[in-house]
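# Descriptive analysis of the structure
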Amino acid sequence: MYFLNNLFARSKPEVPKPPRDENGYKYRAGTIPISDDGNQVMLISSTGSPGKWILPAGTMELGEKPTDAAVRETEEEAGVTGKVLCSLGEVNDTSKKVHTHFYAMEVDDHQLLYMEHQFREREWFPLKSALEELAWRPMSQNILMTYLDRRLEIRRNRLKQMKRERKAQKKMLKAEKKYKEISKKNFGYLKQIAEVHEEKGEISAKAYVNKKFAKNEQNNPMFWDNVVNRVGVCNEDISTKDQCLLNIVESFPSGTKFSKL
């Protein structure tokens, strides 16, 4: 029996130890989950001290970035996800040799069921109330104070970022609309090519392309990619776009009709 137990113990896979620096400090990461207006903070119940509230945080995994660990731990412990806005600094617990990174995270999604939902509660607190609830943990309270000191700056930067995101989205939609218009026009050309090639076999699609297509349309990669994706008969080993189109057109059966975008 001793031999079997010893053999089993030897065969058990080693569990990676939490990352520690040269001074023996363990690395952790967490967030202050904030509402979209920045006026409320989500706290979670402590499993070690019933009736007390804490900030979501946990140990970083090997090779994990602090921001990724903070988001992961927040999702596991509080069941919320969101966008990391900025770093709020670090907390060093010399007695436990723990080094914790904290970030402000704007919550954008809540999960009903999450990893620790059976033994943790979560609750939104006004900023003043959250400060009072964290009084028993001075270092966490200091992190929340840092957020309060920078709240207007963080909010201002977030509004600027949202403005840039809306502008980028508007630009993308405009480009998509233009792309659809160009594709529709080019598929019209492609239909003409097929018809001419069918009626007059001596006229090659390649020559017709060179004659009918403007230079910028021939060099439009979106058009060629769309042709290949829609028709699906062009092999990757074809060296030229014109030859690709010629092969596509020649593969059409008689009477082929093209669908428009």
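All of the points below concern the structure found in this document. The structure displayed is predicted, hence computed values, not measured ones.

## Details of the nonpolar core
Generally speaking, nonpolar side chains in soluble globular proteins are found buried as a group. Formed by 21 residues in total, the largest nonpolar core has its most connected members in I32, V41, L43, L88, F102, L144 and Y147. Within the residue set of this core, elements represented by two or more residues are strand 1 (26–34), strand 2 (40–45), strand 5 (80–93), strand 6 (98–110), helix 3 (127–133) and helix 4 (138–199). No other element matches helix 4, which puts four residues into this core. For F102, the residues in contact, after removing those within four places along its chain, are G30, T31, L55, P56, A57, S87, L88, G89, V91 and I143.

## A short note on the pairing of strand 1
Among the nine residues of strand 1, seven are classified as buried, and the element is accordingly described as predominantly covered. Where strand 1 meets strand 6, nine bridges bridge the pair, whose relative direction is parallel. Bridge assignment links T31 to a residue of strand 6, and that residue is Y103. Both strand 1 and strand 4 (residues 57–59) contribute to a ladder of three bridges, which runs antiparallel. Within the sheet, the bridge partner assigned to A29 lies in strand 4 and is G58.

## Some points on the side chain of T81
Looking at the secondary structure, you find T81 in strand 5. For T81, a relative accessible area of 18% translates into the label buried. When neighbours within four sequence positions are excluded, T81 is seen to be in contact with E75, M105, E106, V107, D108, D109 and Q111.

## Here we look at the pattern of salt bridges
Taken as a whole and assessed by the stated rule, the structure comprises ten salt bridges. Between E77 and R120 there is a salt bridge, and its shortest N-O distance comes to 4.0 Å. Of this pair, E77 sits in helix 2 (residues 66–78) while R120 sits in the loop between strand 6 and strand 7 (122–126); the two residues are 43 residues apart in sequence, bridging distant segments of the chain. For E77, a relative accessible area of 5% gives the class buried. The salt bridge partner of E153 is R150, with a shortest N-O separation of 3.7 Å. In this pair, E153 and R150 both sit in helix 4, three residues apart, roughly one turn of the helix. By relative accessible area, E153 is classed as partly exposed at 37%. Accessibility expressed as a relative area gives 27% for R150, which makes it partly exposed.

## So, the packing of aromatic side chains
Two numbers describe a pair of aromatic rings. These are the distance of the centres and the angle of the planes. Counted according to the given criterion, the structure contains one aromatic pair. Taken together, a centroid distance of 5.2 Å and an interplanar angle of 70° make the contact between W53 and F125 edge-to-face. Of this pair, W53 sits in strand 3 (residues 53–54) while F125 sits in strand 7, and the two are 72 residues apart along the sequence. Assigned by exposure class, W53 and F125 land together as buried.

## Details of a positive patch on the surface
Together, K163, R166, K167 and K171 make up a positively charged patch on the protein surface. Mapped onto the fold, K171 is located in helix 4. Judged by its relative accessible area of 65%, K171 is exposed.

## With respect to the side chain of E77
In this structure the side chain of E77 is engaged in a polar contact, spanning 3.1 Å, whose partner is the backbone nitrogen of A57. Setting aside residues no more than four positions away along its own chain, E77 makes contact with I44, P56, A57, Y114, E116 and R120.

## Topic: the pairing of strand 6
Burial analysis of strand 6 places ten of its 13 residues in the buried class, which makes it a mostly covered element. With twelve bridges joining them, strand 5 and strand 6 adopt antiparallel strand pairing. By the bridge assignment, V84 is partnered in strand 6 with M105.

Cut-offs used in this document
Residues numbered from 1 in each chain as written. Predicted model: local features only at pLDDT ≥ 70, side-chain atom pairs only at ≥ 80, totals over all residues. Heavy atoms only, no water. Core = buried A, V, L, I, M, F, W, Y, C linked by side-chain atoms within 4.5 Å. Buried < 20%, exposed > 50% of the residue type's maximum accessible area, 1.4 Å probe, protein only. Helix = DSSP H or I, 4+ residues; strand = E, 2+ residues; numbered from the N terminus. Contact = heavy atoms within 4.5 Å. Pairing = 2+ DSSP bridges. Salt bridge = Lys/Arg side-chain N within 4 Å of Asp/Glu carboxyl O. Phe/Tyr/Trp six-rings, centres within 6.5 Å; stacked < 30°, edge-to-face > 60°. Patch = residues over 30% accessible without salt bridge, like charges linked within 9 Å, V, L, I, M, F, W, Y side chains within 5 Å. Areas by Shrake-Rupley, 256 points an atom, 1.4 Å probe, with all protein chains shown as cover. Lys, Arg positive; Asp, Glu negative; His and termini not counted. Charge placed at Lys NZ, Arg CZ, Asp CG, Glu CD. Polar contact = N/O pair within 3.5 Å; in protein donor to acceptor, adjacent residues only side chain to side chain.

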